[in-house]
Amino acid sequence: MMDGDKMEITKNGFPDDRSETGEKDPNQTGIKVMKTECADSETEIQKAVKKLQSRRRFTQKFLFGLFRCAALVNGLALLIIVFFMLKNGISAITWEFLTDVPRESMTKGGILPCIVGTVLMSLGGILVAMPIGVASAVHLNEYARPGKMLRIIRLGINNLAGVPSVVFGLFGLAFFVTFLKMGVSLAAGALTLGALTLPVIIGSTEEALKSVPNTYREASLGLGASKWQTIYRVVLPAAMPGILTGGILGLSRAAGETAPIMFTAAVFFTPDLPSSVFSEIMALPYHIYVLATAGTNIEATRPLQYGTSLVLISLVLGMNLVAIIWRSRLRRKLK
Amino acid sequence: MNEKVKDKSKKNGFKMKSENLDFFYGDFQALHDISLNFESRQVTALIGPSGCGKSTYLRCLNRMNDLIPISRVKGKVLLDGENIYDPSLDVVMLRRRVGMVFQKPNPFPKSVSENVAYGLRVNGIKNKSFIRERVEESLEKAALWEEVKDRLDDSALGLSGGQQQRLCIARALAVEPDVLLMDEPASALDPIATQKIEELIHRLKKNYTIIIVTHSMQQAARVSDRTAFFYMGKLIEEGETDTIFTRPKLRQTEDYITGRFG
Ligand SMILES: Nc1ncnc2c1ncn2[C@@H]1O[C@H](COP(=O)(O)OP(=O)(O)O)[C@@H](O)[C@H]1O
Ligand SMILES: [Mg+2]
């Protein structure tokens, strides 16, 4: 029992807590020595320690149990969602569904234009946001001198992260679609999604840069490398796995957003695949929204709605998976 | 050979010296008025209790402290007679000439040969065969070649701690510095690896000016020609290592060296 407890604690990375539960802990041998020396007070102390010990053990078990439940809830939620989607949507998934355009007021046919639209638009968004986001993070973390200016910029980025996505949609409409005259288009949607994911990318890139040990920077500078060479050749490669994680998070966020694209890129229906960056597109999340709220026969398209959701989820999970594999490859290369 | 060396150091005075150097971390003055000379092709050991400013002083010599935003320097550090804190001086060039080895081995997460080649590449050398030759030469100088010649393309992080530290020395040697700064280079290593590093320092001093921080009195006695004793940010006493260890002038130095330090 005790040993089991101990192992669990160390496994969880709290080796310091060992003394709280371990009777064999060297720290507590002092009490045993006292036993032989003063027999009266010893019982009191031992009693107290015992009581405390069992309470500690209980508290610890209880709390760690709670934490484990909290962690499990996450996995469970994902499982339930996936199961639900599979159960309701799997019947809709056919080869035709994945490769055909929507037909008969979107009650038949497939969702190819939505898949293509979503993939292109979120990739486009990330391609725009990554360089800007990484560059910003490099500036903030490597170049900027701490001070008022830096705090203001940070505040701005944090607030950007909190802006509701529908506001990004309106911004995209006003700026990209109208002011820059891009029209409702793939480009306008990608740029809007890029703006939306920027704070995510900046945040995770900064974290990644912070986790690169300063000793790497010092070693590089000590060899006569310039600051930029140090960043480019040592810091960025070492931070790459973390930066990628940010990119992935941004990408899956972008792929799933509805509000920012409904004014800027996605249309109700277009049978054509996008021919240029200025084409209107269909997109998975917006398609789900349309089918579920504005279709001619909402009930009849339920399986299509779930099917489309299933495709969207698979797409996002698939992207994540690819990136996770890529990241662990990079990590291994860095070892 | 020996005469040549003497000639050079006579002509240029000392290889490196600091004059009335003060150093501040914000309001805290970590170094007080340090004037110290380093002769060409000699090993100087900096000793003193922890927190007395040895690392800070060492990092002033290649301006590594520039990285700390709140830091401030007063006074001069001369390298071949030229003040390294002169605003017109290119700090990147300075650091190529004054190499540094850190307390904890810090190889890059790259292959063994890429670690050594790094300094060459950032200094603009592209010739592959030259780089390959220089990598081998530097690893040989650092007494590591025999151990790693079959694993040049393996990750440097797979080497043992002692090997990693010698790799860091090889990496520093590859760019042909004049001066080598070492901050407790053996403190994270086992006795055998430590001995290898010390032997290496002995051999390197034929060609380099070496300044080494150490907390081990025995190490200072074994490897250095001159010793400087720091205490509370001040230089207390400096001289021939033999003299410092056998007949120190000041009571404070004697107390520290004999371990009677309060
Ligand atoms: N980055 C820093 N910021 C503020 N104070 C520092 C910093 N680094 C070192 N110090 C202080 O400067 C003094 C000298 O430190 P250091 O040079 O590391 O001593 P040593 O290498 O002799 O142990 C110490 O009091 C230390 O707390
Ligand atoms: Mg130190």
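The structure we're discussing is the one just above.
Note that this is a predicted model, so its numbers are computed, not measured.

Asks: Would you mind showing me how to read the interface of chain B and chain A here?
Replies: Tallying the contact residues gives 26 residues for chain B and 18 residues for chain A. Roughly 2000 Å² of surface becomes buried between chain B and chain A when both sides are summed, with 61% attributable to carbon and sulfur atoms. Taken as a group, B:Pro109, B:Tyr118 and B:Val122 account for 27% of the area that chain B buries against chain A, more than any other trio of residues on that side. Inspection of the chain B/chain A interface yields one salt bridge.

Asks: What is the right way to look at the pairing of strand β7 (residues 179–183) of chain B in this model?
Replies: Moving residue by residue along a regular strand, the side chains alternate between the two faces of the sheet. Residue and element names in this part refer to chain B. Across the five residues that make up β7, a large majority, five, are buried. Burial along β7 is two-sided: the face carrying Val179, Leu181 and Asp183 and the face carrying Leu180 and Met182 are both buried. Bridge count between strand β6 (residues 98–101) and β7: four bridges; the pairing is parallel. Of the residues in β7, the one forming a bridge with Val101 is Met182. In this sheet, strand β8 (residues 209–213) lies alongside β7 in parallel orientation, the contact comprising five bridges. Paired with Asp183 across the strands is Val213, a residue of β8. In the classification by handedness, the crossover that spans β7, the intervening helix α8 (residues 191–204) and the parallel β8 is right-handed.

Asks: How should I be thinking about the side chain of A:Arg217 in this particular structure?
Replies: All names here are of chain A. Considering the arrangement of structural elements, one finds Arg217 in helix α10 (residues 214–222). Among the residues examined, Arg217 registers a relative accessible area of 12% and is labelled buried. Beyond its immediate chain neighbours, meaning those up to four positions away, Arg217 contacts Asn141, Glu142, Leu209, Val212, Thr230 and Val235.

Asks: Would you explain the environment of B:Val148 in this entry?
Replies: All names here are of chain B. As for its placement among the helices and strands, Val148 is situated in helix α6 (residues 145–148). Exposure remark for Val148: the relative accessible area of 0% places this residue in the buried category. For Val148 and Leu167, which are 19 residues apart along the polypeptide, the C-alpha to C-alpha distance reads 9.6 Å. Among residues more than four places away in sequence, those in contact with Val148 are Val112, Leu139 and Leu159.

Asks: What should I look at first to understand the site of ligand 1 in this one?
Replies: Residues and elements named next belong to chain B. Around ligand 1, the neighbouring residues are Tyr25, Phe28, Ala30, Ser50, Gly51, Cys52, Gly53, Lys54, Ser55, Thr56 and Ile68. Tyr25 places a polar side-chain atom, nitrogen or oxygen, 3.3 Å from a nitrogen atom of ligand 1. Contact between ligand 1 and Ser55: an oxygen atom at 2.6 Å from a side-chain N or O atom of the residue. When residues of the shell around ligand 1 are traced back to their parent elements, those giving at least two are β2 (28–38) and α2 (54–60). It is α2 that provides the largest number of residues to the shell around ligand 1, a total of three residues. Class assignment for the residues of the shell around ligand 1 results in five nonpolar, five polar and one charged.

Asks: Is there a simple way to think about a nonpolar patch on the surface in this case?
Replies: All names here are of chain A. A contiguous nonpolar surface patch, about 540 Å² in accessible area, is contributed by Phe58, Phe62, Leu63, Leu66 and Phe67. Of note, Leu63 is situated in helix α4 (residues 39–89). A relative accessible area of 36% places Leu63 in the partly exposed class.

Asks: How do you make sense of the nonpolar core when you look at a structure like this?
Replies: Most often, soluble globular proteins keep nonpolar side chains buried together rather than apart. In terms of nonpolar packing, the biggest core is built from 91 residues, with A:Met121, B:Leu46, B:Tyr57, B:Leu61 and B:Phe230 touching the most fellow members. Element by element, the count of residues in this core is highest for helix α6 (residues 112–143) of chain A, at 10 residues. Setting aside anything within four residues of it in sequence, one finds A:Met121 in contact with A:Leu186, A:Gly189, A:Ala190, A:Leu193, A:Ile261, A:Ala265, A:Ile281 and A:Ala283. B:Ala174, B:Leu189, B:Phe229 and B:Ile244 belong to the second-largest nonpolar core, a separate cluster that totals 42 residues.

Asks: Looking at this structure, how should I read the packing of helix α4 (residues 112–122) of chain B against helix α5 (residues 128–141) of chain B?
Replies: When two helices pack together, their arrangement is captured by the angle between the axes and the distance separating the axes. Residues and elements named next belong to chain B. Here α4 crosses α5 at 115°, and the two axes come no closer than 9 Å. As for the relative orientation of α4 and α5, their crossing is right-handed in sense. Residue-level contacts link Ser113, Val116, Ala117, Leu120 and Arg121 of α4 to Ile131, Arg134, Val135, Ser138 and Leu139 of α5. The residue inventory of the contact of α4 with α5, partitioned by class, reads six nonpolar, two polar and two charged.

Definitions and limits used
Residues numbered from 1 in each chain as written. Chains lettered and ligands numbered in written order. Predicted model: local features only at pLDDT ≥ 70, side-chain atom pairs only at ≥ 80, totals over all residues. Heavy atoms only, no water. Contact = heavy atoms within 4.5 Å. Buried area = accessible area lost by both parts, 1.4 Å probe. Salt bridge = Lys/Arg side-chain N within 4 Å of Asp/Glu carboxyl O. Buried < 20%, exposed > 50% of the residue type's maximum accessible area, 1.4 Å probe, protein only. Helix = DSSP H or I, 4+ residues; strand = E, 2+ residues; numbered from the N terminus. Pairing = 2+ DSSP bridges. Right-handed = clockwise from strand over helix to strand, strands pointing away. Near = heavy atom within 4 Å. Polar contact = N/O pair within 3.5 Å; in protein donor to acceptor, adjacent residues only side chain to side chain. Nonpolar A, V, L, I, M, F, W, Y, C, P; charged D, E, K, R; others polar. Patch = residues over 30% accessible without salt bridge, like charges linked within 9 Å, V, L, I, M, F, W, Y side chains within 5 Å. Areas by Shrake-Rupley, 256 points an atom, 1.4 Å probe, with all protein chains shown as cover. Core = buried A, V, L, I, M, F, W, Y, C linked by side-chain atoms within 4.5 Å. Axes fitted to C-alpha atoms, helices over the stretch in contact; angles between N-to-C directions. Left-handed = near helix turned anticlockwise from the far one by under 90°.

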